[in-house]
Amino acid sequence: MTRSKHLQCRLALSAISMAVLTLANSASAQSAGDSMTRVEITGSSIRKVAAENALPLTTINAEELVARGLTTMSEVATSLTVGATNEPVGGGGGGTQINLRGLNTNRSLVLLNGRRLPNEAIGDSSINVDVMPMSAVERVEVLRDGASSIYGTDAIAGVVNFITKRTFKNTTISGGLVQPERHGGGDQRRVSIISGWGDLQEQGWNVYAALDVQKRDSLLQKDRPNISDPNLIAQLGGNPFSTNTSGSSSAPANFTVYQNGKATTTTGNPYFAAGCKAPYDAQYTLASTKASGAGSRTCILDPDLYPQLLADAMQATLFSKASLRHGEGKLLTMELLATESYIDALNPPQPFGAQTDYDKYNPGLRKPLFITKTSKWYPGGSGGVPAVAGVTGQDLALTWSLDEAGPAITDDRQHTTRIIVADEGEVMGWDYRVGMNASRSRRDVSWKSGFFTTAGIYKGVADGVLNPFGKQDAAGQAYLDSIRADGTTYRRATVEYFGPDFNLTRSLMPLAGGSLALAVGGDWHKEIYNDGTDPIANEVVYKVSGTPNTYPSASRTVAGLYMEMDAPLTKTLDLTAAVRADHFSDFGNTVNPKLSVRWQPAQEVMLRGTASTGFRAPTLPELYGTPRTRTSSTGKWDDPLLCPSATPSIPGTGSVTKDPKYAGLNLDPTKVCNTTLVTLTGANPDLDPEKARTVTAGIVLAPVKNMMVSFDVWSIKMKGTIAQIGEDTIFNNVAGYNNLFVRNPDGTLDYIVKTRLNMGGLRTRGIDTSMSYTWPKTDWGKFGVSLDGTYVDRYEGQNEAGGAWIDSVGKPGSLATGATSANTYVYRWRHNLRASWAYQGFGLQLTQAYTSHYEDTNALPTQKEGQPYFNVIEPYILYNLTSSYTIKEKLKITFGINNLLDKDPPLSNQRLGSRVVFAQNVSKPIGRAYNVRVNYTF
């Protein structure tokens, strides 16, 4: 038996084993009667009965979202077992972006009512699902299959389609609260109102609008000391806080004595003898206990003051839809979506001194911040700063943290607008749907408070106006206010998307199983991208995204045509074929076919399968974003040609070449050995699309009434994945990446290419399984169980075409595709298990969310199992309990407990340096939380 067949057999046996476990362990239920109404299904352009669908599709209705205790769109996204979506923490300004199959957010297509939204503006590659109108959503459809044959680019990993209510009458007001049991922050408040007028069936028109506003309060690390225990941090390999160390930037400022223009080993702080209690409104530092040497007698910033677990955030969404019947069975609709959201991230105060960059244009350029004896704030001077023994007028280099100005808070704000005008009906025997999409996304990044120009601080200290050792006097405060950058929007990015689409369908001829149906459709759109970072970003330096004084912009047009044909050959066998051709104005054409089959030999058994190709077009920022720039390498290396080494991945092991060809260069060892080299970074207009092949095969069983069990095996293979190669990867395989070393005619190095490139491939496969069962109704009500789970057999990537395949299931890493968060993981097994009970107007549901164990992002990449600090996150299980009661169909009260057992998040060394050490990818830091929601319908 070949290795491939062996793996296929193993996968099939895994599916059978999980089937037995699924039926034996029971799971949560939702009964769903199959409607005989033909509807449009995500992934197909031909309307059909939902039960006839050959595609692996999961549908979750709005009531089920509430029953599961999901209070935000972010929670909906992270709950999907087919995904590896992370809820943003800290300052995650991009919002929540769905990551299906762990293939990255830019390969997961997100739609609203079957049409595209504008991408989040800075990356221009993914949709922020926080903009979805939750109160207007009727259901969420998750297509667990590639869909480029219908939708074009980005649908490699699958499609998530948020579908709003078709019409709505009356008025419903909803208020909700999520209150953590432990105090300190993280609570959420939500208010929504949805109101509609008109009856589409009787009056021929309907208009409704939905407004959602949600606010989440900040949560600081100091309010959850249970997940920052110093002993546990030490076990992970981190350095728990200790005062037996050197102080860096602090308030009051630490100093290093300079003599004859050079630093000495004499350090100190004017308030060290007073326990670092300076004349501020609060104490920010602790005294160092280091006994002697450089760094002794200094003050240390209290590490528990500023680390933030959850940022202050708000989302407001307005969605409106108007529908008008006209002519003979025609329907004209208009949709409006308008959103605004912000994330205000709290950071430690702005630091100044030689350990921080002086300007953004020259990374690594650091200047001492000097105070001289001419300043009245010099220790022992007229300003009242205590004298320090041994400090007798020498220049003092400071490391200063502006704690008196408060934490540095950034404001990351997103605005989204979308207008859809569409019409549907019948003309000349064809069912038609046409629409126009005009959308815009904008993202503004600002300094909200606590930011000052670097040069202004240096000048204020040098001129004796600013006091780095205590509270400012009136003159100092006035000067500080004059150099503030607070309220400045230094970066703004926009994405615009507009264009028409159409779809025509009709029955061609009768077949044994029904009518042969044909659909022809297409769309044309233009996308415009602009991103600009103001030059003031160079003056502030701290917490800056983007490159100052750069304004990349680009646009493209895309035209696509597709055809789909559905052939019910017999009452039990149905074939569907589709093909789409796209033309991109910036790189050319691509054609992607798809074939699906559905065979139902008996009412209790249905077999289905699909085979398709897909693609992802390079994004405009990847092609035309930050201009190509020569910059210093991040590490020191030996030039492989002029300082050859047997181990080029280890700098400092090479020696100057003895090759006579280069003898005339008079090579300086300090410039070719163990040194920073020149690299070329930035966008790459020569990128090609990524390509993929996807195959699924599934079985759906209904062994008894009210029971459904399904298994779908899936396999995705990609090539030409776009990634930004790292220096470690290049020097680990110098021969393989020799083409990235661009040299001058004499052999000297010009630069090393580090721009985004089409590199290797990625392949992943696994099984999706689901089960639901509803017991016959009893006097005690209706009981049900259901389960949704995903098992990943492999997730392998390669850095270059033909290179080695590296499996990442249950492991961290770049996942071989670039642009993927290091905190993204592909789990071996995830499931949601639910048990429900409904009695008259009362409902109760218990949900279990399970994530299998995985290897942590260990502090040292060389760490192996069994060695110190090697960390494995054990299986993580959370329970949510939700109850609801409906009174006379007008008032509905929902009460839930999230994290029912108050389980602490597992500790992780993902971000040991910041002391935010919980596993952000599987857990929240708030602990047990109570949620209440009240809906009243007029």
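Note that the structure is predicted; figures quoted are calculated from it, not measured.

Cut-offs and rules
For every chain, the first residue of the written sequence is number 1, and numbering continues from 1 along that sequence. At least 70 in pLDDT is required for a residue's local features to be given in this predicted model, at least 80 for side-chain atom pairs to be given and counted, and no such filter applies to totals for whole chains, interfaces and linings, which use all residues. Hydrogens and water molecules were not included; the side-chain quantities draw on all heavy atoms of the structure. Put simply, DSSP marks the helices as runs of H or I at least four residues long and the strands as runs of E at least two long, and each gets a number from the N terminus on. For the radius of gyration, the atoms used are the C-alpha atoms, and the globule rule reads 2.2 Å times the number of residues raised to 0.38. Remark: exposure states derive from per-residue accessible area (1.4 Å probe, protein chains only) relative to the maximum for the residue type, with buried under 20%, exposed over 50%, and partly exposed in between. Whether two residues are in contact is decided by their heavy atoms, any of which lying within 4.5 Å being enough. Per-residue accessibility takes into account occlusion by the displayed protein chains alone, with areas from the Shrake-Rupley method and a 1.4 Å probe. Charge counting follows a simple rule: Lys and Arg are positive, Asp and Glu are negative, and His as well as the terminal groups are ignored. Where a charge lies is defined by one atom per residue type: Lys uses NZ, Arg uses CZ, Asp uses CG and Glu uses CD. Two cysteine sulfur atoms form a disulfide, by the criterion used here, when they sit within 2.5 Å. Take the buried Ala, Val, Leu, Ile, Met, Phe, Trp, Tyr and Cys residues and link them wherever side-chain atoms come within 4.5 Å; each set so joined is a nonpolar core. Pairs were defined over the aromatic rings of Phe, Tyr and Trp, the Trp ring being its six-membered one, requiring ring centres within 6.5 Å. Orientation was assigned from the angle between planes: stacked under 30 degrees, edge-to-face over 60, tilted for the rest. In this scheme, strands are said to pair when DSSP sees at least two bridges between them. Throughout, an axis means a line fitted to C-alpha atoms (over the contacting stretch in the case of helices), and angles, computed between N-to-C directions, take values from 0 to 180 degrees. Every residue gets a pLDDT, meaning the predictor's confidence in that residue, from 0 to 100. Polar contact criterion, stated in full: a pair of N or O atoms within 3.5 Å, where within protein one must be able to donate a hydrogen and the other to accept it, and residues adjacent in sequence count only if both atoms are side-chain atoms. Should a side-chain nitrogen of Lys or Arg be within 4 Å of a carboxyl oxygen of Asp or Glu, the pair is scored as a salt bridge. It is the directions from the helix axis to the C-beta atoms that the arc portrays.

All right, on to the overall build of the protein chain then. Helices and strands together make up the secondary structure of the protein chain, namely 11 helices and 47 strands. At 31 Å, the protein chain has a C-alpha radius of gyration in line with the 30 Å of a compact globule built from 938 residues. If you line up the protein chain on its principal axes, its C-alpha atoms span 100 × 75 × 55 Å. Looking at the protein chain as a whole, 54% of its 938 residues are labelled buried. Intrachain contacts of the protein chain at a sequence separation of at least 6 include 71% that bridge at least 24 residues. Accessible surface computed for the protein chain: about 39,500 Å², of which carbon and sulfur atoms make up 56%. For the protein chain, the separation between the mean place of its 90 positive charges and that of its 86 negative charges on side chains is 2 Å.

It is worth spelling out the state of the cysteines at this point. As enumerated under the stated definition, the model contains 2 disulfides in all. Paired through a disulfide, Cys276 and Cys299 show a sulfur-sulfur distance of 2.0 Å. What sets the handedness of the Cys276 and Cys299 disulfide is the S-S torsion sign, and at about -95° it is left-handed. In this pair, Cys276 sits in the loop between strand E13 (262–268) and strand E14 (285–287) while Cys299 sits in strand E15 (residues 299–301), placing the two residues 23 residues apart along the sequence. A relative accessible area of 1% places Cys276 in the buried class.

This paragraph deals with the environment of Gly803. Assignment of secondary structure puts Gly803 in the loop between strand E39 (782–797) and strand E40 (806–807). Put simply, Gly803 and Gly760 are 43 residues apart on the chain and 7.2 Å apart in space, counted from C-alpha to C-alpha.

Among the nonpolar cores identified, the biggest contains 42 residues, and Ile98, Leu103, Met132, Val160 and Phe162 are the most heavily contacted of them. Those elements that provide at least two residues to this core are helix H3 (73–78), strand E4 (108–112), strand E6 (137–143), strand E7 (158–164), strand E10 (205–216), strand E33 (707–719) and E39. Those residues in contact with Met132 that sit more than four places away from it in its chain are Met73, Val110, Leu111, Leu112, Leu117, Phe162 and Thr317. Formed by 33 residues, the second largest nonpolar core is a distinct cluster that contains Tyr358, Tyr378, Leu480 and Ile483.

Glancing now at the side chain of Gln315. Take Gln315: it is sitting in strand E17 (residues 312–326). With a relative accessible area of 17%, Gln315 lands in the buried category. Those residues within four positions of Gln315 in sequence are excluded, and the remaining contacts are Asp130, Asp212, Val213, Gln214, Glu340 and Ser341.

Here we come to the packing of aromatic side chains. Scanning the model with the defined rule gives 20 aromatic pairs in all. When the ring of Phe451 is compared with that of Tyr542, the centres are 6.1 Å apart and the planes differ by 40°; the resulting orientation is tilted. Of this pair, Phe451 sits in the loop between strand E23 (430–449) and helix H6 (454–462) while Tyr542 is found in the loop between helix H8 (536–540) and strand E26 (553–567), placing the two residues 91 residues apart along the sequence. Tyr542 gets classed as buried once you look at its relative accessible area, which sits at 16%. Residues Phe584 and Phe615 carry aromatic rings whose centres are separated by 5.9 Å and whose planes lie at 90° to one another, so their mutual orientation is edge-to-face. On the criterion of sequence distance, the pair formed by Phe584 in strand E27 (residues 573–584) and Phe615 in strand E29 (residues 605–616) is long-range, its members being 31 residues apart. Each member of the pair Phe584 and Phe615 is classed as buried.

To continue, consider the sheet that holds strand E35 (residues 741–743). To summarise the sheet geometry, strands pair through backbone hydrogen bonds and adopt either a parallel or an antiparallel arrangement. Strand order in the open sheet made by the 4 strands is E30-E31-E36-E35, with mixed pairing throughout. The outermost strands of the open sheet, each flanked by one partner alone, are strand E30 (629–632) and E35. Taken over all neighbouring pairs, the strand axes of this sheet differ in orientation by 35° on average, direction set aside. Bridge count between E35 and strand E36 (residues 749–753): 3 bridges; the pairing is antiparallel. Bridge pairing in E36 places Arg743 opposite Leu749.

With that settled, the discussion passes to the confidence of the model for the protein chain. On average, residues of the protein chain score 88 in pLDDT, and 91% of them reach the 70 mark or higher. Of the regions scoring below 50 in pLDDT, residues 1–36 engages in 63 contacts with residues more than four places distant in sequence or in other chains. In the model, residues 814–823 has pLDDT below 50 throughout and makes 31 contacts with residues more than four positions away in sequence or in other chains.

Below, the discussion takes up the environment of Arg834. Residue placement: Arg834 occurs in strand E41 (residues 829–839). Taking C-alpha positions, Arg834 is 34 Å from Asn119, a pair spaced 715 residues apart along the chain. Here Asp788 takes part through its side chain, which lies 2.8 Å from a polar atom of the side chain of Arg834.

Before going further, it helps to spend a moment on the pattern of salt bridges. Pairing between side chains of opposite charge can happen when their charged atoms approach one another. Tallied over the full model, the rule gives 51 salt bridges. Note that Asp145 and Lys594 form a salt bridge whose closest N and O atoms lie 2.8 Å from each other. Of this pair, Asp145 sits in the loop between E6 and helix H4 (148–151) while Lys594 is found in strand E28 (residues 588–602), placing the two residues 449 residues apart along the sequence. Each member of the pair Asp145 and Lys594 is classed as buried. With a closest N to O distance of 2.8 Å, Asp344 and Lys448 form a salt bridge. Here Asp344 is found in strand E18 (residues 330–347), whereas its partner Lys448 is found in strand E23, with 104 residues between them in sequence. Judged by its relative accessible area of 44%, Lys448 is partly exposed. Each of Arg101, Arg144, Arg608, Asp712 and Asp768 takes part in a single network of salt bridges with overlapping partners.

Strand order in this open sheet of 5 strands is E3-E6-E7-E4-E5, and the pairing throughout is mixed. Single-partner strands in this sheet number two, and they are strand E3 (57–61) and strand E5 (115–116). In this sheet, E7 lies alongside E4 in parallel orientation, the contact comprising 5 bridges. Bridge assignment links Val110 to a residue of E7, and that residue is Val160.

If you check which residues of helix H7 (residues 474–482) are buried, you get Gly476, Tyr479 and Leu480. Along the axis of H7, the buried residues cluster in a sector spanning 100°; they form a single face. In H7, the exposed positions that point more than 90 degrees away from the buried face belong to Ala474 and Ser482. Elements in contact with the buried residues of H7: H6. Measuring from the side-chain oxygen of the N-cap residue of H7 to the backbone nitrogen of Ala475 gives 3.3 Å; that N-cap residue is Asp473.

Attention shifts here to the pairing of E18. Regular strands have side chains that alternate between both faces of the sheet. Here E17 pairs with E18 via 15 bridges, running antiparallel. The residue bridging Ala313 from the neighbouring strand is Ile343, located in E18. In terms of strand pairing, E18 meets strand E22 (residues 408–427) through 17 bridges, oriented antiparallel. Paired with Glu335 across the two strands is Ile420, which belongs to E22.

The subject of this paragraph is the pairing of strand E45 (residues 876–887). As paired strands, strand E42 (residues 842–851) and E45 are joined by 10 bridges and run antiparallel to one another. Pairing of Gln845 across the sheet is with Thr882, part of E45. Sheet topology places E45 next to strand E46 (residues 891–898); 7 bridges connect them, and they run antiparallel. Among the inter-strand pairings, Ser883 is bridged to a residue of E46, identified as Phe895. Once E45 ends, the chain turns through 3 residues before running back antiparallel as E46, passing Lys888 with a positive phi of about 55°.

Quick look at the environment of Gly43 now. Mapped onto the elements, Gly43 comes out in the loop between strand E1 (38–39) and strand E2 (48–49). A residue is classified by how much of its surface remains accessible, and Gly43, at 6% relative accessible area, is buried. Linking Gly43 and Ile150, residues 107 residues apart in sequence, is a C-alpha distance of 6.7 Å. Ignoring any residue separated from it by four or fewer positions in sequence, one finds Gly43 in contact with Leu55, Leu143, Ile150 and Tyr151.

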